[in-house]
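The primary structure of each chain is shown beneath.
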Amino acid sequence: QVQLVESGGGLVQPGGSLRLSCAASGSTFSIYTMAWYRQAPEKQRDLVATITRGGSTHYVDSVKGRFTISRDKNTVYLQMNSLKPEDTAVYYCNAVREWLSITTNYWGKGTLVTVSS
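Basis of the calculations
Residues numbered from 1 in each chain as written. Predicted model: local features only at pLDDT ≥ 70, side-chain atom pairs only at ≥ 80, totals over all residues. Heavy atoms only, no water. Pairing = 2+ DSSP bridges. Helix = DSSP H or I, 4+ residues; strand = E, 2+ residues; numbered from the N terminus. Axes fitted to C-alpha atoms, helices over the stretch in contact; angles between N-to-C directions. Buried < 20%, exposed > 50% of the residue type's maximum accessible area, 1.4 Å probe, protein only.

Draft legend 1. The arrangement of the sheet that holds strand S3 (residues 18–26) in detail. A sheet is described by the order of its strands in space; here 4 strands give the open sequence S1-S3-S8-S7, paired in antiparallel fashion. The sheet terminates laterally at strand S1 (2–7) and strand S7 (67–72), the two strands that pair on one side only. Each adjacent strand pair in this sheet contributes to an overall mean axis angle of 15°, direction not counted. Judged from the 6 bridges that link them, S7 and strand S8 (residues 75–80) form a sheet pairing that is antiparallel. Bridge pairing in S8 places Asp72 opposite Thr75.

Draft legend 2. Inspection of the pairing of S1 at higher detail. Of the two faces of S1, the one lined by Val2, Leu4 and Glu6 is fully buried and the one lined by Gln3, Val5 and Ser7 carries no buried residue. As defined by bridge partners, S1 adjoins S3 across 6 bridges and the pair is classed as antiparallel. Bridge pairing links Glu6 to Cys22 in S3.

Written out as structure tokens, the structure is:
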């Protein structure tokens with residue numbers, strides 16, 4: 001089992017920055033990929049960025065050049081710069097665990113990011 005706890009959300013003005021953190025605990029040795037997703041009000045949950053154990057990263061086009069995902073042992077970060085109102089969403093941490101040929105996805109409870117003047 002893997003437990004994920006997000007933190008760092010809050011209210012920020014357009015153009016501002018926030019850094020989200022996701023602390024993983026439990027069977028973290030088997031985690032292959034971690035990711036950030038977000039879900040805006042009345043919208044589906046969408047992928048934001050991913051990072052593998054080897055450090056390979058992927059970003060959706062809407063955040064490229066503004067967001068940076070990084071990983072330090074069992075903590076994953078999402079540095080968000082030049083925030084826009086459309087970035088407002090609940091941000092969820094995701095971990096993909098592969099163990100004994102079984103792939104399992106784990107989710108945090110989310111942290112709210114509000115970008116508004």
